[in-house]
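Secondary and tertiary structure notes
Single-letter residue listing:
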Amino acid sequence: MGVNAKAAAPRRPALTRLRVLLIGWVLVYHLELPLRALRGMGFLESVALKGYLGVDGFFLLSGFALVLGYAHRPPMGFAGWAGFMRGRIVRVMPLHLALLFALLALVLAASAAGLAVNAPERFGTREFVLQALLLHGWETTSLHAWNYPSWALSVILAGYIAFPLLLAGVIAAPSGVLWLLLAIGGIGLLALGAMDPVLQLNHTLHLGLPRFFLEFVAGMALARLVQGGAVPRWAATLGVALVPAGLWISVDAVVVAGLASLVARAALLEGQDEGGIVHKLGEASFGVYLSWVFVESALVLVLRLVQPGASGRLLLMVVALGATFVAGWIAWRVIEVPAARWLARRTSAAGA
């Protein structure tokens, strides 16, 4: 049976809206690093500096959402795997490549204008090729080069490649094994975080793959448990409290457990529609994430020209956050959606 033999499962809008919260947290983290707009604000500052954990939420959500979409129509055999991968690549590669080449044009223009480029070794040909192929998150480089947030897309690509095989195992597993997978994921994250008490789970180009797969598989197992009715709504609601608890005690793995509960709780919400700006921004979260580097470039230029005070830095954070969401929405609407539709038509026509 091919991957498209059955219709997709009903969408769960709350999960799409959750993406806005996660990507917003990631952006605040990236903004706080150069601006330090929240310096001295105690717990609020510590929450901002833990924003890299929003990526962990996306890793959990990726496995969770894929199981919801494909558990009742699993890709079977090589043809099923190829069809699944074609669908994933059609969705992610056009925008990734378009923004990467736009960044190349920006770097070339800056060089031609005589502007100094920070850490020029990050913009070499080898790094460009690795990133274009989405191989830079596979322990192939140590440089955060070009559109560096795309390291997360690179490890997610590895998850896509393995997904049909992982899905077969998760579908066949009894609930006891699924709970065991969640426990293994939690223990693995605790161990990964203990390797460097300062870095904790903020691993990217190095150890980003184990960080991803522990959470991706945990998200898959959690989705099957939710589908089977094994996760009560009250338990998921209580589990969300692990997010502030983990932030308070500064243990990343505990925060991730809370994020897993948040994903489950969002999936259990009923009566949600797909309208509204928040839902649209959730759909555009991929574009928002990849567009950050352009806003960062403008922010770096501003900080070279002026040294704002505390209120100015807060204003810059708000403006840059809004600009990133706007740029991401435009990238989603103008590039991602049209390109995915065009390529889907092309591949369908070729397979007809």
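Here the structure is a predicted model, which is why all the values come from computation and not from measurement.

Rules behind the numbers
Residues numbered from 1 in each chain as written. Predicted model: local features only at pLDDT ≥ 70, side-chain atom pairs only at ≥ 80, totals over all residues. Heavy atoms only, no water. Core = buried A, V, L, I, M, F, W, Y, C linked by side-chain atoms within 4.5 Å. Buried < 20%, exposed > 50% of the residue type's maximum accessible area, 1.4 Å probe, protein only. Helix = DSSP H or I, 4+ residues; strand = E, 2+ residues; numbered from the N terminus. Salt bridge = Lys/Arg side-chain N within 4 Å of Asp/Glu carboxyl O. Axes fitted to C-alpha atoms, helices over the stretch in contact; angles between N-to-C directions. Parallel < 35°, antiparallel > 145°, perpendicular 65-115°, else oblique. Left-handed = near helix turned anticlockwise from the far one by under 90°. Contact = heavy atoms within 4.5 Å. Nonpolar A, V, L, I, M, F, W, Y, C, P; charged D, E, K, R; others polar. Polar contact = N/O pair within 3.5 Å; in protein donor to acceptor, adjacent residues only side chain to side chain.

**Brief notes about the nonpolar core**
One finds Phe-64 and Phe-163 to be the most contacted residues of the largest nonpolar core, which totals 102 residues. A total of 13 residues in this core trace back to one element, the largest contributor, which is helix H1 (residues 13-35).

**Notes on the pattern of salt bridges**
Counted under the stated rule, the structure contains 6 salt bridges. Taking the shortest distance from any N to any O, the salt bridge between Arg-36 and Glu-32 comes out at 3.4 Å. We classify Arg-36 as partly exposed; its relative accessible area is 27%. Arg-36 serves as the salt-bridge partner of Glu-45, at 2.4 Å between the closest nitrogen and oxygen. Glu-45 sits in the buried class, given a relative accessible area of 14%.

**Remarks on the packing of helix H6 (residues 151-172) against helix H8 (residues 208-227)**
As a packed pair, H6 and H8 sit with axes 9 Å apart at the nearest point and diverge in direction by 40°. Our classification of the angle between H6 and H8 gives oblique. Helix-helix and strand crossings are classified by hand; for H6 and H8 the assignment is right-handed. Contacts between H6 and H8 involve Trp-151, Val-155, Ile-156, Ala-158, Gly-159, Ala-162, Phe-163, Leu-166, Leu-167, Val-170 and Ile-171 from the first element and Gly-208, Leu-209, Arg-211, Phe-212, Phe-213, Phe-216, Val-217, Met-220, Ala-221 and Arg-224 from the second. A class-by-class count of the residues in the contact of H6 with H8 yields 17 nonpolar, 2 polar and 2 charged.

**Observations concerning the side chain of Lys-50**
Mapping Lys-50 onto the fold places it in the loop between helix H2 (43-48) and helix H3 (53-70). Leave out the neighbours within four places in its chain, and Lys-50 touches Trp-25, Gln-200, Leu-247, Ser-250 and Asp-252.

**Considerations on the side chain of Thr-204**
Along the chain, Thr-204 falls in the loop between helix H7 (175-194) and H8. A distance of 3.3 Å separates a polar atom in the side chain of Thr-204 from a polar atom in the side chain of His-144. When near neighbours in sequence (up to four residues on either side) are disregarded, Thr-204 contacts His-144, Trp-151 and Arg-211.

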